[in-house]
Amino acid sequence: MHQHTQQLIGHEKTASGANASVWYTVAAGKAYPMGTIIYIPYFKNSPNGGWFVVQDRGGAITNNKIDVYMSTYNECVSFGRRNLECYIYLVK
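In this convention, every chain numbers its residues from 1, walking through the sequence in written order. Reporting of local features is limited, given that this is a predicted model, to residues whose pLDDT is at least 70; pairs of side-chain atoms are given and counted only at 80 or more, and all residues count toward the totals for whole chains, interfaces and linings. Hydrogens are left out, water is left out, and the side-chain values use all remaining heavy atoms of the structure.

1. Side note on the overall build of the chain
Note the cut-off: Strands here are runs of E lasting at least two residues and helices are runs of H or I lasting at least four, both read from the DSSP assignment and numbered beginning at the N terminus. Accessibility here uses a 1.4 Å probe with only protein chains present; expressed as a share of the type maximum, an area under 20% marks a residue as buried, one over 50% as exposed, and anything in between as partly exposed. By definition, residues are in contact when any of their heavy atoms lie within 4.5 Å. The protein chains shown are the only cover counted for residues, whose accessible areas, like all others here, come from Shrake-Rupley with a 1.4 Å probe.
The number of helices and strands found in the chain is one helix and seven strands. Overall, the chain shows an N-to-C arrangement of helices and strands of β-β-β-β-β-α-β-β. The buried share among the 92 residues of the chain stands at 40%. Restricting the contact set of the chain to residue pairs at least 6 apart, pairs at least 24 apart contribute 77%. A total accessible area of about 5100 Å² is found for the chain, and carbon and sulfur atoms account for 54% of it.

As structure tokens, then:
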């Protein structure tokens, strides 16, 4: 599955009630329940090994896009928007 990634900025509470965490939190559309685990091979050498958890929603986030939480605005701008391979593990 290919997902479009972009980023969240800030240290706000997520829709799940958790604080957004770098290398952990992603925002996704309602098709993905809170707690869904997403593996993105592109980030396999990152501190999280490429594993993220859906903890947030967003008005512009459709079911074929996710937002990866990053720590700074410059990091977000530098990364930009990309089409990346993702593996979705739904939590029931």
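2. Details of the side chain of Thr25
Note the following rule: The term polar contact refers here to a pair of N or O atoms within 3.5 Å; inside protein, the definition further demands a hydrogen-donor-capable atom paired with an acceptor-capable atom, and it admits residues adjacent in sequence only when both atoms are side-chain atoms.
Looking at where Thr25 falls in the secondary structure, it is placed in strand 2 (residues 25–28). A polar side-chain atom of Thr25 sits 2.8 Å from the main-chain amide nitrogen of Ser21. Here the side chain of Thr25 touches Gln55 through a polar contact of 2.5 Å, side chain to side chain.

3. A closer look at the nonpolar core
Note the threshold: In this text, buried Ala, Val, Leu, Ile, Met, Phe, Trp, Tyr and Cys residues form a nonpolar core when linked through side-chain atoms within 4.5 Å.
Judged by nonpolar contacts, the single largest core of 15 residues is most densely connected at Ile38, Ile40, Phe43 and Val68. Those elements that place two or more of their residues in this core are strand 2, strand 4 (51–56), strand 5 (65–69) and helix 1 (73–79).

4. Comments concerning the pairing of strand 2
We apply this condition: Pairing between two strands requires that DSSP report at least two bridges joining them.
Neither face of strand 2 is left uncovered, since the one carrying Thr25 and Ala27 and the one carrying Val26 and Ala28 both have all their residues buried. Relative to strand 4, strand 2 is paired through three bridges, and the arrangement is parallel. By the bridge assignment for strand 4, Val26 is matched with Val54. Note: strand 2 against strand 5, three bridges, orientation antiparallel.

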